[in-house]
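# Summary of structural features
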Amino acid sequence: MNAPLPYAGLKVLDLSQGIAGPYCAALLAQQGADVIKVEPPGGDWIRNAGGGRDGMTPLAIAGNLGKRSIVVDAQKSAGRDLILRMAASADVVIENNRPGVIERLGLGYEAIAAGNPAVVYASITGFGPDGPDAQKAGTDSILQSLTGMAHRNRDHDGTPRRMPLLIPDTVTAVYAAQALGAALYARGRDGRGRQVRLSLFECAAAFQAAQIVENRIFQGSAPPPNTVPAGVFRTRDGHISLSAVTEGHFRAAMRVLGLEAWIDDPRFARPAERKKHAAFVNDEVGRRLAAQTTAHWVEKLAAADALFAEIADYPGFVGSAQARHLDAFAALEQPPYGELPVARMPGAERAWPLRPAPRAGEHNDEVLRELGLGQGEIAELKRAGAVI
């Protein structure tokens, strides 16, 4: 028997734009919440970032799955009043503006809690509500630069590099969804709403907790490798990842590579000794792997139960036997593209529906009718430019 959607009946008002706030709300939507995305005139700015058609960029799709969209001009009093009306029945409100912006619009926590004291209100900022960097733009490249990520990802010449994934935004969305779940659980006990505050800056710190502690323990010097051998190595026609977490992994890899003598060699027989000779071990492993094709090593290493992986691109990942077995990707009908492979939310039942992301304003009339507005009132809001 399939478990019911855990957030079925939960009403979420998503006032956020970009990545962290919207993706957080999308996680709630995939667990059954009714999420209404309120977009400004022109739509969420992410609809113009990264290419695509009809405002449906890859980031706009991934961050808005399962939502309904309404376009409201909160700068107009009628638009602000409409948002307050929607917020009055919401369980959760999510916003991710710079500090002070949402308050100046009259839609901050105090304003909404005045009419809905049970609301759980999430505020996501780049650098927190105050402090010397509070008003700094909190983009991915800025956060990766300031929080050690780019430094940690230095190339062989020591040049810091941004990782080509939106890590600060994505982990903030996940932490925010967890924090909202905890706040809703607390509300279930005491009946009180509350404001939850998160920043990309703090979430980047939490995400790198072990690395930051490691840096302090080793006083900024290069720490010893976790395991030897370890790395991505070139083969004759591609690349392969190989490591040895256990002694069994080490022995298996050495036998496959023709280095059986190392198993009993005092320089390499124990992890602590191998770490002292890490560069030598990795160089020799790399030299051996480069002599044969990836397919050759995949067959040999798999048969030996070594710890390895062929380097896959996204089509290879999506089409892999394990991904197909787990049904890890849903075939989502997403206008205007047709069928797209979309990763299911971890922990989700496969029977739970996965709904596409909306176009900006796609559900204007539907949402307004649910608020009890008649056609005349809806037409007036549109004439006034409060709803677009």
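Above this text you will find the structure in question.
We now turn to the structure provided with this report. Numbers given for residues are sequential positions, taken from 1 along each chain in its written order. Only residues with pLDDT of at least 70 get local features here, since the model is predicted, and only at 80 or more are side-chain atom pairs given and counted; chain-wide, interface and lining totals rely on the full set of residues. Values reported for side chains reflect all heavy atoms of the structure, with hydrogen atoms and water molecules removed beforehand.

The next thing to look at is the overall build of the protein chain. Labels follow the DSSP assignment, with helices taken as runs of H or I lasting at least four residues and strands as runs of E lasting at least two, numbered in each case from the N terminus. Scanning the protein chain from N- to C-terminus turns up 18 helices and 11 strands. By its C-alpha atoms, the protein chain is 85 × 45 × 40 Å across when sized along the principal axes. When a residue's accessible area, from a 1.4 Å probe over protein chains only, is under 20% of the maximum for its type it is buried; when over 50% it is exposed; and in between it is partly exposed. Classification of the 388 residues of the protein chain by burial places 43% in the buried group. Contact definition: two residues touch when any of their heavy atoms are within 4.5 Å. In the protein chain, the share of contacts with a sequence separation of at least 24, taken over all contacts with a separation of at least 6, comes to 66%. Only the protein chains shown count as cover for residues, with accessible areas throughout obtained via the Shrake-Rupley method and a probe of 1.4 Å. Of the roughly 20000 Å² that the protein chain leaves accessible, carbon and sulfur atoms contribute 54%. Positive residues here are Lys and Arg, negative ones are Asp and Glu, while His and the chain termini are left out of the count. A single reference atom marks each charge: NZ on Lys, CZ on Arg, CG on Asp, CD on Glu. Across the protein chain, the 42 positively charged side chains and the 42 negatively charged ones have centroids separated by 2 Å.

Because the α-helix completes a turn every 3.6 residues, residues three or four places apart line up on one side. Regarding helix H3 (residues 77-87), the residues found buried are Gly79, Leu82, Ile83, Met86 and Ala87. End-on, the buried residues of H3 take up no more than an arc of 140 degrees, which puts them together on one face. Working definition: the arc comes from the directions between the helix axis and the C-beta atoms, pointing outward to the latter.

A few words now on the layout of surface pockets. Within this scheme a cavity is a closed region of a 1 Å grid, computed over the protein atoms alone, that accommodates a 1.4 Å probe without allowing it to escape, whereas a pocket is open but has protein on both sides within 12 Å along at least five of seven lines; lining residues each have an atom within 4 Å of a point. Grid points are joined across faces, edges and corners, and a volume is the space filled by probe spheres set on the points. In this structure, the largest pocket occupies an estimated 1300 Å³ of space. Residue assignment for the lining of the largest pocket shows that the elements contributing at least two residues are helix H1 (20-30), helix H2 (58-62), helix H8 (167-190), helix H15 (314-318) and strand E11 (338-343). Its residues assigned to classes, the lining of the largest pocket comprises 25 nonpolar, 6 polar and 2 charged. Considered as a void within the structure, the second largest pocket measures approximately 910 Å³ in volume. Arg152, Arg154, Glu214, Ala222 and Pro223 are the residues nearest the centre of the second largest pocket, which is lined by 25 residues in total. Residue polarity is assigned by list, with Asp, Glu, Lys and Arg as charged and Ala, Val, Leu, Ile, Met, Phe, Trp, Tyr, Cys and Pro as nonpolar; anything else, Gly included, falls into the polar class.

Here we come to the sheet that holds strand E7 (residues 230-234). Where strands meet in a sheet, backbone hydrogen bonds hold them as pairs that are either parallel or antiparallel. Criterion used throughout: strands pair if DSSP finds at least two bridges between them. A sheet is described by the order of its strands in space; here 3 strands give the open sequence E7-E8-E9, paired in antiparallel fashion. Edge strands, defined here as strands with exactly one partner in the open sheet, are E7 and strand E9 (307-310). For this sheet, the mean inter-axis angle between neighbouring strands, taken without regard to orientation, is 20 degrees. Here E7 pairs with strand E8 (residues 239-243) via 5 bridges, running antiparallel. Considered in E8, the bridge of Arg234 is made with His239. To get an axis, a line is fitted to the C-alpha atoms, and for a helix only the part in contact is used. The angle between two axes follows their N-to-C directions and goes from 0 to 180 degrees.

Moving on, we get to the sheet that holds strand E6 (residues 194-199). Strand order in the open sheet made by the 6 strands is E3-E2-E1-E4-E5-E6, with parallel pairing throughout. Both edges of this open sheet fall to strand E3 (68-71) and E6, since each of them pairs with a single strand only. On average, adjacent strands in this sheet sit at an angle of 20 degrees to one another, irrespective of strand direction. Summarising the sheet, strand E4 (residues 92-95) and strand E5 (residues 120-125) pair through 4 bridges and their orientation is parallel. Within E5, the residue paired with Ile94 across the bridge is Ala122. Taken strand by strand, H8 contacts E4, E5 and E6, and its axis lies near 165 degrees from that of E6. Across the sheet, helix H9 (residues 200-207) is in contact with E5 and E6; its angle to E6 comes to roughly 70 degrees.

Let us look at the packing of H8 against H9. In the contact formed by H8 and H9, the axes pass within 9 Å of each other and the chain directions differ by 90 degrees. Between H8 and H9, the angle falls in the class roughly perpendicular. Taken together, the residues of H9 that come into contact with H8 (itself represented by Ile167, Pro168, Asp169, Val171, Thr172 and Tyr175) are Leu200, Cys203, Ala206 and Phe207. Classifying every residue of the contact of H8 with H9 gives 8 nonpolar, 1 polar and 1 charged. Orientation is classified from the angle alone, with under 35 degrees giving roughly parallel, over 145 giving roughly antiparallel, 65 to 115 giving roughly perpendicular, and any other angle giving oblique.

Examined bridge by bridge, strand E10 (residues 329-334) and E11 share 6 bridges and lie antiparallel to one another. Residue Ala331 lies in a different strand from E11, and its bridge partner there is Pro341. Hairpin connection of E10 to E11: 3 residues between the antiparallel strands.

Geometry of aromatic contacts follows a simple scheme: Phe, Tyr and Trp rings, the Trp one being its six-membered ring, pair when their centres are within 6.5 Å, and the pair is stacked under 30 degrees between planes, edge-to-face over 60, tilted otherwise. Scanning the model with the defined rule gives 6 aromatic pairs in all. With a centroid separation of 4.4 Å and 35 degrees between ring planes, the pair formed by Trp262 and Phe268 is classed as tilted. Taking the relative accessible area as the measure of exposure, Trp262 reaches 7% and is therefore buried. Here Phe268 falls in the buried class, since its relative accessible area comes to 0%. Ring geometry for Phe317 against Phe329: centres 5.3 Å apart, planes inclined by 85 degrees, an arrangement best described as edge-to-face.

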